[in-house]
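Listed below, chain by chain, are the residues.
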Amino acid sequence: MSEKKQRRSQLSYGPRNKDGFIHRSWMKSEGLPDDVFDGRPVIGICNTWSELTPCNAGLREIADHVKRGVWEAGGLPLEFPVMSLGETQMRPTAMLFRNLLAMDVEESLRGNPVDGVVLLGGCDKTTPAQLMGAASVDLPTLVVSAGPMLNGKYRGRNIGSGTDVWKFSEAVRAGSMPLRDFLAAERGMSRSPGTCMTMGSASTMACLAEAMGIALPYNGTAPAVDARRRVIAHESGRLIVDLVQRDVRLSHLLTRAAFENAIRVLAAIGGSSNAVLHLLAIAGRLGVALRLQDFDDLTATVPLLVDLQPSGRFLMEELHYAGGLPAVMQQLAPLLDAGAPAAATTTIEGHYRDAECFDSDVVRTLAEPVKPVAGIWVLRGNLCPGGAVMKPSAASAALFRHRGRAVVFASIEDLRARIDSPDLAVDEHSVLVLQGCGPRGYPGMPEVGNMPLPRKLLERGISDMLRLSDARMSGTAFGSVILHVAPESAIGGPLALVRDGDEIVFDGPARRLDLLVSPEEMAARAAQWQAASTDAAPARGYARLYVDHVLQADQGCDFDFLVGGSGSAVARESH
Ligand code: FES
């Protein structure tokens, strides 16, 4: 093998000189024999396991099963930790750190002598962050996900992560659920390691990795504690060695066709609106031309096929037992590009060609979907020149067209202080407007877009209202919620100019979102507008880097200087 064609690991472990001595000798302190440095593929196992990320708590064991497969196929597995992002633990929001984890992954891969990588992620932001970082290096890459938790249980019935939390919380506020029951539900909701077992961002991204052919079939749905997930890990260990030997890189798999399939699957499964940001950011790393508008164009004809919370009734266990994502993709096949590449089966059709559906209540057909309208609506209008999104499958059809007067909150603190005030001038026709929660205004763009309804309306039995913000929403949440308004209010987007009592017109089927204020008045308000005091802006550290460089939501919230890739070239020696 010429020097040029040597694997990157051999540039470190091959030379019989001082540098080779250093690279090999210190590794031998881990008990590795001489012959594992003979040129075999070195596989990094990039692990986001952490006790502070309970959703990823099973990944230590999963890593061992990946290693078995790597050894068996003749590779050398080397596990390494990267930053972990626990959605339920990190403040102000795990999304603030998605790009930091992506940088960690990118530099860990490029700086170390690995030829391929298996990404072990799960909790919401870990999977997209790992894929963004890996995409900028472009080694052979596979995803093995943590897998969903077992179904939550409460008083003899199933309850879903997140989705039922929002419902129970509103029930307590409305006075219809005693606190004792609320705490009982807390104990029963999270019964095993694994990610949220609703179709939140974690299950969405695990399913999309599968749909794009960079994870094995059933990666998206097999429960975290199911032995089949260990088998997926084992087989992924074998496969990554094969991918290195054939030099099948991430960019060979993540083509435009793969993204298009992923977006259609996103609609069919009722996936998280956060996936819009993540897919845009991953595509940006790879130079794949993907635009916000594609999410609407590609999903306009895709109905909701999976009856799963938050858009439907069931949970991830039921989806897996019904046949998993292969059963869904088989139903969706007329709308998919069957020839898109896949790591395990050459084309993605191999994932679903022979699939079977075992429960037609959970996985429906194109002819009899759960809901005819799914996917992501991309809205345009004078309130959102850069676009805004809505997930119609989680919204109320009665609010798909709505005209109402704005009740404006300048920040999430302002909303919390006033939302339950008996004096708040609001009724069920009002549009709740939240400002200051976009990527720069509230660094990380927290999941507060599904703002709580006013208590006085809850007590009257109102269960949904049109809500509008530059924030995100948890993939487990539901409601008639318009999100990701761009440009955001903190940089003077039109959202910043909305005032109490302004009329807002939303027309979902026409994809319009407009403020009924004259252009002259808008211009006058814009001239008066002042950015919030810079005292609140982070002065230093990563958060400062974030606000200085984060892109708007319609561009995926990556950092401007991270778009694209730097490849996998091996850098100069260290000694
Ligand atoms: Fe981790 Fe939902 S909070 S997956």
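Residues numbered from 1 in each chain as written. Predicted model: local features only at pLDDT ≥ 70, side-chain atom pairs only at ≥ 80, totals over all residues. Heavy atoms only, no water.

- The chain has the name Dihydroxy-acid dehydratase in an unreviewed UniProt entry, where Tahibacter aquaticus is given as its organism.
- UniProt lists a comment for the chain under the heading Sequence similarities (unreviewed entry), and it reads "Belongs to the IlvD/Edd family." (UniProt positions renumbered as here; feature names shortened; annotations may be inferred.)

**Remarks on the overall build of the chain**
Next, step 1: For the chain, the count of helices and strands is 20 helices and 16 strands.
Next, step 2: A globule of 575 residues ought to have a C-alpha radius of gyration of about 25 Å, and the chain, at 24 Å, matches this closely.
Next, step 3: Taken along the three principal axes of its C-alpha coordinates, the chain extends 80 × 55 × 45 Å.
Next, step 4: Across the 575 residues of the chain, 59% fall into the buried class.
Next, step 5: Of the contacts formed within the chain by residues at least 6 apart in sequence, a portion of 76% connects residues at least 24 apart.
Next, step 6: If you sum the accessible surface of the chain, you get close to 21900 Å²; carbon and sulfur atoms cover 51% of it.
Next, step 7: Separation of charge centres in the chain, based on 58 positive and 65 negative side chains, amounts to 1 Å. (Helix = DSSP H or I, 4+ residues; strand = E, 2+ residues; numbered from the N terminus. Rg over C-alpha atoms; globule rule 2.2 N^0.38 Å. Buried < 20%, exposed > 50% of the residue type's maximum accessible area, 1.4 Å probe, protein only. Contact = heavy atoms within 4.5 Å. Areas by Shrake-Rupley, 256 points an atom, 1.4 Å probe, with all protein chains shown as cover. Lys, Arg positive; Asp, Glu negative; His and termini not counted. Charge placed at Lys NZ, Arg CZ, Asp CG, Glu CD.)

**Some remarks on unusual backbone geometry**
Next, step 1: Across the junction of Gln-309 and Pro-310, the peptide omega takes the value 10°, indicating a cis bond.
Next, step 2: Looking at where Pro-310 falls in the secondary structure, it is placed in the loop between α13 (292-299) and α14 (316-321).
Next, step 3: A cis geometry characterises the amide bond from Ala-486 onward to Pro-487, with omega recorded as -5°.
Next, step 4: At Met-445, a residue that is not glycine, the phi angle is positive and equals roughly 60°.
Next, step 5: Examined against the element boundaries, Met-445 turns out to sit in the loop between β12 (431-434) and α18 (455-458).
Next, step 6: The phi dihedral of Arg-511 falls on the positive side, at around 60°, and the residue is not glycine.
Next, step 7: For Arg-511, the location among the structural elements is in the loop between β15 (503-507) and β16 (512-515).
Next, step 8: On the basis of relative accessibility, which here comes to 19%, the residue Arg-511 falls in the buried class.

**Some remarks on the pattern of salt bridges**
Next, step 1: Applying the stated criterion across every chain yields a total of 39 salt bridges.
Next, step 2: A salt bridge links Arg-544 to Asp-548; its shortest N-O distance comes to 2.9 Å. Of the two residues, Arg-544 and Asp-548 both sit in helix α20 (residues 541-549), 4 residues apart, roughly one turn of that helix. (Salt bridge = Lys/Arg side-chain N within 4 Å of Asp/Glu carboxyl O.)

**Some words on the sheet that holds strand β13 (residues 466-469)**
Think of a sheet as strands paired side by side through backbone hydrogen bonds, with each pair either parallel or antiparallel.
Next, step 1: Read from one edge of the open sheet, 8 strands run β9-β10-β14-β13-β12-β11-β15-β16, paired in mixed fashion. Of all strands in the sheet, those with a lone pairing partner are β9 (377-379) and β16, marking the two edges. Across the sheet, the mean angle from the axis of one strand to that of its neighbour is 25°, orientation sign disregarded.
Next, step 2: Note: strand β11 (residues 401-409) against β15, 5 bridges, orientation antiparallel. Bridged to Arg-403 within β15 is Val-505. (Pairing = 2+ DSSP bridges. Axes fitted to C-alpha atoms, helices over the stretch in contact; angles between N-to-C directions.)

**With respect to the UniProt feature "domain: Dihydroxy-acid/6-phosphogluconate dehydratase N-terminal" (unreviewed entry) in the chain**
Next, step 1: The UniProt feature table records "domain: Dihydroxy-acid/6-phosphogluconate dehydratase N-terminal" (unreviewed entry) at residues 40-348.
Next, step 2: Taken end to end, residues 40-348 comprises 48% helix and 11% strand; its first and last C-alpha atoms sit 28 Å apart.

**Considerations on the packing of helix α11 (residues 256-269) against helix α12 (residues 274-286)**
Next, step 1: The N-to-C vectors of α11 and α12 enclose an angle of 175°; their axes lie 12 Å apart at closest approach. If you check the angle between α11 and α12, you find them roughly antiparallel. Two secondary-structure elements touch here, α11 through Phe-259, Ala-262, Ile-263 and Leu-266 and α12 through Ala-275, Leu-279, Ile-282, Ala-283 and Leu-286. (Parallel < 35°, antiparallel > 145°, perpendicular 65-115°, else oblique.)

**Let's talk about the packing of aromatic side chains**
Next, step 1: The full count for this structure, using the stated rule, is 9 aromatic pairs.
Next, step 2: Clustering of aromatic rings is evident, with ring pairs tying together Phe-97, Tyr-542, Tyr-546, Phe-559 and Phe-561.
Next, step 3: Its guanidinium or amino end placed over the ring of Phe-478, Lys-167 lies 5.3 Å from that ring's centre, counting from NZ or CZ. (Phe/Tyr/Trp six-rings, centres within 6.5 Å; stacked < 30°, edge-to-face > 60°. Lys NZ or Arg CZ within 6 Å of the ring centre and 35° of its normal.)

**Quick word on the packing of helix α8 (residues 201-211) against helix α15 (residues 324-332)**
Next, step 1: As a packed pair, α8 and α15 sit with axes 11 Å apart at the nearest point and diverge in direction by 65°. When you trace α8 past α15, the crossing you get is right-handed. Residue-level inspection shows Cys-207, Glu-210 and Ala-211 of α8 in contact with α15, the latter providing Leu-325, Pro-326 and Met-329.
Next, step 2: The class makeup of the residues in the contact of α8 with α15 is 5 nonpolar, no polar and 1 charged. (Left-handed = near helix turned anticlockwise from the far one by under 90°. Nonpolar A, V, L, I, M, F, W, Y, C, P; charged D, E, K, R; others polar.)

**Focus on the domain arrangement of the chain**
Next, step 1: One can read the domain layout of the chain as domain 1 (40-150 + 192-352) and domain 2 (380-538 + 544-553).
Next, step 2: Here the C-alpha centroids of domain 1 and domain 2 sit 31 Å apart.
Next, step 3: Each partner contributes residues to the interface: domain 1 has 27 residues there, and domain 2 has 25 residues.
Next, step 4: Approximately 1900 Å² of surface area, both sides summed, lies buried where domain 1 meets domain 2, with 57% of it carried by carbon and sulfur atoms.
Next, step 5: Linking domain 1 with domain 2 are 2 salt bridges.
Next, step 6: Put simply, Asp-296 and Arg-511 hold a salt bridge, and the shortest N to O gap is 2.6 Å.
Next, step 7: Counting every contact that joins domain 1 to domain 2 gives 10 residue pairs in polar contact (both at pLDDT 80 or more).
Next, step 8: Grouping the amino acids of the side of domain 1 that touches domain 2 by side-chain chemistry returns 11 nonpolar, 12 polar and 4 charged. (Domains from an automatic or database assignment. Buried area = accessible area lost by both parts, 1.4 Å probe. Polar contact = N/O pair within 3.5 Å; in protein donor to acceptor, adjacent residues only side chain to side chain.)

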